Each structure stands twice: as structure tokens, then as C-alpha cells.
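One letter stands for each residue in the lines below.
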Amino acid sequence: MIKQVGIVGAGQMGGGIAQVCAVSGFKVVLHDISADRVEAALHLVGDNLDRQIAKNRIDASLREEALARIHTGLSLGDLADCDLVIEAATEDETLKTKIFKDISPLLKPEALLASNTSSISITRLAAATDRPEKFMGVHFMNPVPVMQLVELIRGIATDDATFEVVQQFAVSLNKTTAIAEDFPAFIVNRILMPMINEAIYTLYEGVGNVEAIDTAMRLGANHPMGPLTLADFIGLDTCLAIMQVLYDGLADSKYRPCPLLVKYVEAGWLGRKTGRGFYDYRREDSPVPTR
């Protein structure tokens, strides 16, 4: 039974996962190597809860209760008593593998491990641990407190008991689960990222400018935001990493990352988080297309 959840990585995803777990009554240990990132994550959780209170989605008393359930730690050892540890680090297989190798010996034998990876092989990540049968993918969507879906991915060694406990956990967070097989990028990003990549090719080839492409997909396909706006929100480095996983894993030229996406990432224009991507966000009131 899961009572305490550990989260490795206090970025946007890790903070969001911490929030939904705490609101649902779980004790949380939020870990990061940076104290500043942990503090920023807690501040963001507080702001998110304030917005939910303002919209009458939660009771004001729940804010302090949820925040009181989130404890922080700068050492992986702080996660030793957790029943489930979810890795939510950058989408980099080498980094994730190192985290799992480092943390596995510190956990109690019955503890479950999961990765929030959006594209990387669950079977390969599980092989870096001492408990592949107790390991699986738990892919939350961004922003976690708002998006209802969680993709559940079993590795080749994941046992039935682990899957059942983790699925019950996801449902207890008021999420809807979709079960995906362990193929590159799973379901959502297998479909979404090639669309975003094609939108970037459309820009690269001059078929339309940034505003025309986003307007066309918002009004022509009824998408809530255009694909280039969405790419900036996700992070262009993350988009590129997922496209590279698809391209390498499926060996199909249709997944080749657009050269313009590569160029933006090389320039450090990663989207909202760096202030520039396909839009310039340095004037928050009115983002301006960069092409």
C-alpha cells in the first residue's frame, strides 16, 4: 500500500506531481540537488493551490494541509522510507539511469520505482535498478494538476502486483489512465511530437509563418493552442529529445527532427523557460514570433 511518495526532480513536472499527491492525501518527499529548485517548486505549488481556491475548485483549508504533507530533501537518502519513488528528471537516459542506480540500494526492498519519462524505454531504465519487477512508467501530462491523463507503461519484467498498485495509485489522484506498450514515446508523444515536428518543418520550408501555423491549427483543427506555442510550453529541448528517441528507436525517416528545431535548441532558445523559442516571451503581456 502506498502512503508516502518520493519524487526525484523538483522541476515543473516534479512539482506538479508533488502537488496532486499531497492534495490526494499522500505524504510526499520532494528531492532535488538544488535547494533553489525545491523552494521554487514549493512556491509554485502554493500559487497553483491559490488559483484553485480562487476558482472554488478546492477548499482554502486544503492548501495548508497539502503543503504540510510535502517534505523536501537534498539527499537521495531522504527517500529511504518511501513506498513509491517517481523519477521526474530531465528527459536524458544517461541521467535517469544514474539516478536509478544511485537510489536503488537506498530504498526498502518492497518499495516501487517509476519513471515519468515521456519517451525512453521502461525496460532499459528498469534494468539499471535492483528491482525491475517493481518498476514501471508513470507518465503524467503537463501541467500535472490540470491534465487528467496518466500513461502507464510496463517494462518486460514489471509484475502484475506492481502494475495493479500503481494503477490504483494513479486513479486515487483523480486521473484517468491509458495503458501503453513499451515502444518509443508510448501513445501521446508518438502521435503529438511528429505533429509538432511537422509544424516546425512547415515553418522551416516557408509554408506559413509562426502566427499563421498556430492560427490555422487552433481554428482549423480546433486545438486549444497552436503546435508552435505548445512546443514552447513543453520545451524545445524536450521536443527534440523525444523526436531523437523516436528516430533512433523506430529507424523511420518520418521521425527525423526538423533542422530548425535542432538550430533553436543549439541557440538555447528552448521556449518559455528560457524566454525565447518560436515566440519571444521577454514581454510577458505580448509574446512576439521569432520568425
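Residues numbered from 1 in each chain as written. Predicted model: local features only at pLDDT ≥ 70, side-chain atom pairs only at ≥ 80, totals over all residues. Heavy atoms only, no water.

By the naming in an unreviewed UniProt entry, the protein chain goes by 3-hydroxybutyryl-CoA dehydrogenase and is assigned to Eilatimonas milleporae. Per UniProt, the protein chain has the following entry under Sequence similarities (unreviewed entry): "Belongs to the 3-hydroxyacyl-CoA dehydrogenase family." (UniProt positions renumbered as here; feature names shortened; annotations may be inferred.)

Core analysis: the largest hydrophobic core is formed by 36 residues, its most contacted members being F140 and F169. With 6 residues, helix α1 (residues 12–23) is the single largest residue contributor to this core. Excluding its chain neighbours within four sequence positions, the residues that come into contact with F169 are I2, V5, C21, F26, L84 and I86. Of all hydrophobic cores here, the second largest spans 26 residues; its members include Y201, L203, I213 and C239. (Core = buried A, V, L, I, M, F, W, Y, C linked by side-chain atoms within 4.5 Å. Buried < 20%, exposed > 50% of the residue type's maximum accessible area, 1.4 Å probe, protein only. Helix = DSSP H or I, 4+ residues; strand = E, 2+ residues; numbered from the N terminus. Contact = heavy atoms within 4.5 Å.)

The axes of two packed helices give the description: the angle between them and the distance between them. The interhelical angle for the contact between α1 and helix α2 (residues 35–54), taken along N-to-C directions, is 55 degrees, at an axis separation of 9 Å. Relative to α2, the element α1 is oriented oblique. You can see that α1 and α2 cross each other, and the crossing is right-handed. Contacts from G15, Q19 and V23 in α1 reach A41, V45, N48, L49 and Q52 in α2. Here the contact of α1 with α2 is composed, by residue class, of 4 nonpolar, 4 polar and no charged. (Axes fitted to C-alpha atoms, helices over the stretch in contact; angles between N-to-C directions. Parallel < 35°, antiparallel > 145°, perpendicular 65-115°, else oblique. Left-handed = near helix turned anticlockwise from the far one by under 90°. Nonpolar A, V, L, I, M, F, W, Y, C, P; charged D, E, K, R; others polar.)

Two modes of strand pairing occur in sheets, parallel and antiparallel, and in both the strands are linked by backbone hydrogen bonds. The 8 strands lie next to each other as β3-β2-β1-β4-β5-β6-β7-β8, forming an open sheet whose pairing is mixed. Two strands bound the open sheet, and with one partner strand each, they are β3 (70–73) and β8 (176–180). Within the sheet, the average angular offset between the axes of one strand and its neighbour, ignoring direction, is 25 degrees. Where strand β5 (residues 112–115) meets strand β6 (residues 135–140), 3 bridges bridge the pair, whose relative direction is parallel. Looking across to β6, one finds that L113 is bridged to F135. (Pairing = 2+ DSSP bridges.)

Turning our eyes to something else, we now look at helix α10 (residues 236–250). In a regular helix each residue adds 1.5 Å, so 15 residues correspond to 21 Å; α10 covers 21 Å between its end C-alpha atoms and thus fits that length. All of the buried residues in α10 are L236, C239, L240, A241, I242, M243 and L246. Buried-residue contacts for α10 involve α7 (188–204), α9 (227–234) and α11 (259–267). (Expected span 1.5 Å × (residues − 1).)

Right, let's get into the packing of aromatic side chains. Tallying each qualifying case throughout the model produces 6 aromatic pairs. Their ring planes at 70 degrees and their centres at 5.2 Å tell us that F26 and F169 sit as a pair that is edge-to-face. Highlighted residues: F26 in the loop between α1 and β2 (27–31) and F169 in helix α6 (residues 160–172), separated in sequence by 143 residues. Neither residue differs from the other here; F26 and F169 are each classed as buried. A centroid spacing of 4.9 Å and a plane angle of 80 degrees characterise the contact between F100 and F135, whose relative ring orientation is edge-to-face. With F100 in helix α4 (residues 93–103) and F135 in strand β6, the pair connects residues that are 35 residues apart, well separated along the chain. Just as F100 is buried, F135 falls in that class too. (Phe/Tyr/Trp six-rings, centres within 6.5 Å; stacked < 30°, edge-to-face > 60°.)

Along strand β4 (residues 84–87), one buried face is formed by L84 and I86 and the opposite face, lined by V85 and E87, is buried too. Here 4 bridges tie strand β1 (residues 4–8) to β4, and the two strands are oriented parallel to one another. Its bridge partner being in β4, G6 is matched across the sheet by V85. As paired elements, β4 and β5 share 4 bridges and run parallel to each other. Note on β5: the bridge partner recorded for V85 is L113. Once you follow β4 into α4 and on to β5, the crossover reads as right-handed. (Right-handed = clockwise from strand over helix to strand, strands pointing away.)

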